[in-house]
Amino acid sequence: MGKEFDRLKYAELLKAERRDDAIAYVDRFRKYDPDDPTLKRRAALARGGKGEDMLMSCDRAGVRPSPEQIDTMCALFEEAIALDPYLADPYWDLAVIHARFLNQPTQAAGYLADAKRLGYKHAMMKRLEAMIKAAG
């Protein structure tokens, strides 16, 4: 490819909340080295960040995500997990979506267990556990 991955450019894209550009940028390099663990991690972080931005935007606006938004977020988090299964955040986010929006407590519990297995901590974890238990 001739040009090396520029970590600063990638970081600036993320900082500017240009998630799609960050995903496209890292994916260009992954085409030439799809198994590079650092590139896979960065691709996972960009996808997870985009999904989290979507989820937080809905929360801030006080609206339920549309079915299309839920599908997009789930796909982003699942892609992030496929790229880096040791990144805990996407498991948490999928647990939240399955508990809050999809009424799928069994799936939510599974994702939450994965997040906890990876050492994930969150201030709302007890509340999510209670939601899952009440729905199950």
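Above this note sits the structure.
Everything in this summary refers to the structure shown in the same document. (Residues numbered from 1 in each chain as written. Predicted model: local features only at pLDDT ≥ 70, side-chain atom pairs only at ≥ 80, totals over all residues. Heavy atoms only, no water.)

1. Re the packing of aromatic side chains
A complete count under the given rule lists five aromatic pairs for this structure. With a centroid separation of 5.2 Å and 40 degrees between ring planes, the pair formed by Phe5 and Tyr25 is classed as tilted. Taken as a pair, Phe5 in the segment before helix H1 (7-15) and Tyr25 in helix H2 (residues 19-30) lie far apart in primary sequence, 20 residues in all. Taking the relative accessible area as the measure of exposure, Phe5 reaches 17% and is therefore buried. One aromatic cluster is present, built from ring pairs that chain together Phe5, Tyr10, Tyr25 and Phe29. (Phe/Tyr/Trp six-rings, centres within 6.5 Å; stacked < 30°, edge-to-face > 60°. Helix = DSSP H or I, 4+ residues; strand = E, 2+ residues; numbered from the N terminus. Buried < 20%, exposed > 50% of the residue type's maximum accessible area, 1.4 Å probe, protein only.)

2. Observations concerning the nonpolar core
Counting 22 residues, the largest nonpolar core has Trp92, Ile97, Leu112 and Leu128 as its most contacted members. Sorting the residues of this core by element identifies helix H4 (67-83), helix H5 (89-100), helix H6 (105-117) and helix H7 (125-135) as the ones contributing at least two each. Take this core: its biggest share by element is seven residues, from H5. Here Leu112 is in contact with Trp92, Ala95, Met125, Leu128, Glu129 and Ile132, once residues within four sequence places are set aside. By size, the runner-up hydrophobic cluster in this structure holds 16 residues, among which are Tyr10, Val26, Phe29 and Leu87. (Core = buried A, V, L, I, M, F, W, Y, C linked by side-chain atoms within 4.5 Å. Contact = heavy atoms within 4.5 Å.)

3. A look at the packing of H1 against H2
Contact geometry of H1 with H2 gives a least axis separation of 8 Å together with a crossing angle of 155 degrees. When the interaxial angle is binned, H1 and H2 end up roughly antiparallel. Both H1 and H2 take part in a crossing whose hand is left-handed. Across from Lys9, Tyr10, Leu13 and Leu14 in H1, the residues of H2 making contact are Arg19, Asp21, Ala22, Tyr25 and Arg28. Residues that form the contact of H1 with H2 fall into these classes: five nonpolar, no polar and four charged. (Axes fitted to C-alpha atoms, helices over the stretch in contact; angles between N-to-C directions. Parallel < 35°, antiparallel > 145°, perpendicular 65-115°, else oblique. Left-handed = near helix turned anticlockwise from the far one by under 90°. Nonpolar A, V, L, I, M, F, W, Y, C, P; charged D, E, K, R; others polar.)

4. Examining the environment of Phe5
Between the C-alpha atom of Phe5 and that of Ala82, which follows or precedes it by 77 residues, the distance is 21 Å. When residues no more than four places from it in sequence are discounted, the contact partners of Phe5 are Tyr10, Tyr25, Val26, Phe29, Leu39 and Arg42.

5. Some thoughts on unusual backbone geometry
Unusually for a residue other than glycine, Glu17 sits at a positive phi of about 60 degrees. Within the secondary structure, Glu17 sits in the loop between H1 and H2. Glu17 sits in the exposed class, given a relative accessible area of 57%. Positive phi outside glycine occurs at Asn103, with the angle close to 50 degrees. Relative to the helices and strands, Asn103 resides in the loop between H5 and H6.

6. Quick look at H1
Along H1, the residues classified as buried are Tyr10, Leu13 and Leu14. Here the buried residues of H1 occupy an arc of 100 degrees about the axis, which is enough to place them on one side. Away from its buried face by more than 90 degrees, H1 exposes Leu8 and Lys15. Where H1 is buried, its residues contact H2 and helix H3 (37-61). Two or three places before Leu8, at the start of H1, stands the capping residue Asp6, its side-chain oxygen 3.0 Å from that residue's backbone nitrogen. (Arc of directions from axis to C-beta. Polar contact = N/O pair within 3.5 Å; in protein donor to acceptor, adjacent residues only side chain to side chain.)

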